[in-house]
Amino acid sequence: MVIIMKAGASAQQIAGVVNRIESDGMRAHLSQGEERTIIGLVGDERPVDAEQIEVLDGVERVLPILRPFKLASRDFKRENTVITIKAGGQTFDVGGKGVVMMAGPCAAESREQVLESARLVREAGANALRAGAFKPRSSPYSFQGHGEKALQWMAEARERYGLALVTEVMAPEQVLLVSSYADILQVGARNMQNFPLLHAVGYSMKPVLLKRGMSATMEELLMAAEYIMSHGNYNVMLCERGIRTFEKYTRNTTDINAIPVLQELTHLPVIVDPSHGTGKWEYVPAVARGAVAAGADGLIIEVHPEPSKALSDGAQSLTPAKYQALVAQLRAVAEAVGRKLLV
Ligand code: PEP
Ligand code: MN
């Protein structure tokens, strides 16, 4: 439930309501607006009687939130969440008017490959460099990533080329290490419901890019975000990366519906990954343009200096030149829908 305080409610009245909630065994989440304070209840609401709360001093109204996700819900917070990223000497907002561009190879393969990728995507137009140091591969015999060494290459690329870093963390015990290098922690599709990992990235307070599981509903995605947010980390970006359907011509099916639906259900930014969404570089530009036209707050795109030599996901990686051409098109699409690329 959400408690709406009267305009001008005093600090003492607010504290009174918070004490009451806490004595019922729940946590209070305060959002202080210009005019009034809204208090959200976090936890098991069953012991709380809305009618008893409504008569407390300074309370105007009590609204039930019927959806299972609370902190992530638009009912809980009407205005969009804007996540400010400061990294590599630049600052940008995700979830505002700007459309953020994250690009880079699927995996960090060598120091040279990471630095070259960073230089090329920076030139072509990107705010953040993506690359995996820990790779979730379907086969245990496939390349698993270079681990901390790869994070060091990425940190060097951030300093050299002024890019934020987004990279995957696969296990709770990796969160501390990956957080010490990354600006945005990626939770991969296969780990969307790895609850110990969600708790750990929730405690970390770092911005999180949470990818939708390949068979997850939007509600399950939002409940996964709720796990992270329940620890006070509200810096969560949701990522639509394609879901599994009966269609076989593409690796996954980008659920374009997810963009407007999520934007209605939640205040969190929505990022689209057309690379994993299609699995084939040929289709990436069309789907990327579609995502921006549909209102995505950003894109994460795989770009490799030499896709034919990539250790993973070469078939869905754009060459830097193709990525550059796409960025130019996206500028026009963003403008047509009242947005602007952040690059
Ligand atoms: C990736 O970003 O390279 C990746 C493995 O993504 P996903 O978790 O969406 O499959
Ligand atoms: Mn990949």
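Counting of residues starts from 1 at the beginning of each chain's written sequence and follows it residue by residue. Each chain takes a letter, starting from A, and each ligand takes a number, starting from 1, following the order in which they are written. It should be noted that, the model being predicted, local features are given only for residues of pLDDT at least 70 and side-chain atom pairs only at 80 or more, the latter also being counted only at that level, while totals for whole chains, interfaces and linings use all residues. The basis for every side-chain value is the complete set of non-hydrogen atoms in the structure, without hydrogens or water.

Colleague: Any chance you could explain the site of ligand 1 here in plain terms?
Modeller: Taken together, 13 residues are adjacent to ligand 1, and Arg130, Ala189, Arg190, Lys211 and Arg241 come closest. Here a polar contact is taken to be a pair of N or O atoms separated by no more than 3.5 Å, where protein atoms must pair a possible hydrogen donor with a possible acceptor and residues adjacent in sequence count only if both atoms sit in side chains. Residue lysine 211 places a side-chain N or O atom 2.9 Å away from an oxygen atom belonging to ligand 1. In the environment of ligand 1, an oxygen atom lies 2.7 Å from a nitrogen or oxygen atom belonging to the side chain of arginine 241. Surface accessibility in these figures is a Shrake-Rupley result with a 1.4 Å probe; residues are shielded only by whichever protein chains are displayed. Protein burial of ligand 1: of its 300 Å² of free accessible surface, 97% is covered by the chains. Residue composition of the shell around ligand 1, by class: 3 nonpolar, 3 polar and 7 charged. Proximity is defined per residue: if any heavy atom of the residue lies within 4 Å of a molecule or strand, that residue is considered near it. Side-chain classes follow a simple rule in which Ala, Val, Leu, Ile, Met, Phe, Trp, Tyr, Cys and Pro form the nonpolar group, Asp, Glu, Lys and Arg form the charged group, and the remainder, Gly included, forms the polar group.

Colleague: Would you explain the packing of helix α10 (residues 284-293) against helix α11 (residues 320-336) in this entry?
Modeller: Relative orientation and spacing of two packed helices are given, respectively, by the angle between their axes and the distance between those axes. Between the N-to-C directions of two axes lies an angle of 0 to 180 degrees, each axis being a line fitted to C-alpha atoms and, for a helix, fitted only over the stretch in contact. Secondary structure elements are defined from DSSP: runs of H or I of at least 4 residues count as helices, runs of E of at least 2 residues count as strands, and each element is numbered from the N terminus. Where α10 meets α11, the closest approach of the two axes is 9 Å, and the angle between their N-to-C directions is 25°. By the angle class used here, α10 and α11 are roughly parallel. In this structure, α10 meets α11 at a crossing whose hand is right-handed. For the pair α10 and α11, contact is made by Pro285, Ala288, Arg289, Val292 and Ala293 and by Leu326, Gln329, Leu330, Val333 and Ala334, respectively. Residue composition of the contact of α10 with α11, by class: 8 nonpolar, 1 polar and 1 charged. Any angle between 65 and 115 degrees counts as roughly perpendicular, while under 35 counts as roughly parallel, over 145 as roughly antiparallel, and the rest as oblique. Two helices crossing with the near one rotated counterclockwise from the far one by less than a right angle form a left-handed crossing, whereas a clockwise rotation gives a right-handed crossing. We call two residues in contact when some of their heavy atoms are within 4.5 Å.

Colleague: Looking at this structure, I do not really get the side chain of aspartate 183. What am I missing?
Modeller: Residue placement: aspartate 183 occurs in the loop between α5 (175-179) and β10 (184-187). One polar contact links aspartate 183 to arginine 158, side chain to side chain, over a distance of 2.9 Å. From its side chain, aspartate 183 meets the backbone nitrogen of leucine 165 in a polar contact 2.7 Å long. Those residues in contact with aspartate 183 that lie beyond four places of it in its chain are Ile85, Lys86, Ala87, Arg158, Leu163, Ala164, Leu165, Lys206 and Pro207.

Colleague: Is there a simple way to think about the sheet that holds strand β4 (residues 59-63) in this case?
Modeller: Within a sheet, neighbouring strands are paired by backbone hydrogen bonds and run either parallel or antiparallel to one another. The rule for pairing is simple: two strands pair if DSSP sees at least two bridges between them. Spatially, the 4 strands line up as an open sheet ordered β2-β3-β1-β4, and their pairing is antiparallel. Each edge of the open sheet is held by one strand with a lone partner, namely β2 (27-32) and β4. Mean inter-strand twist for the sheet, computed between neighbouring axes without regard to direction, equals 20°. Pairing of β2 with strand β3 (residues 37-42) involves 6 bridges; the strand directions are antiparallel. When the sheet's bridge partners are listed, serine 31 is paired in β3 with isoleucine 38.

Colleague: Quick question: what am I supposed to make of the domain arrangement of the protein here?
Modeller: It is common to report an interface's size as the accessible area lost on association of the parts. Each domain's extent is set by a domain assignment, obtained either automatically or from a database. Split by domain assignment, the protein resolves into domain 1 (2-63) and domain 2 (83-341). Using C-alpha coordinates to define each centre, domain 1 is positioned 37 Å away from domain 2.

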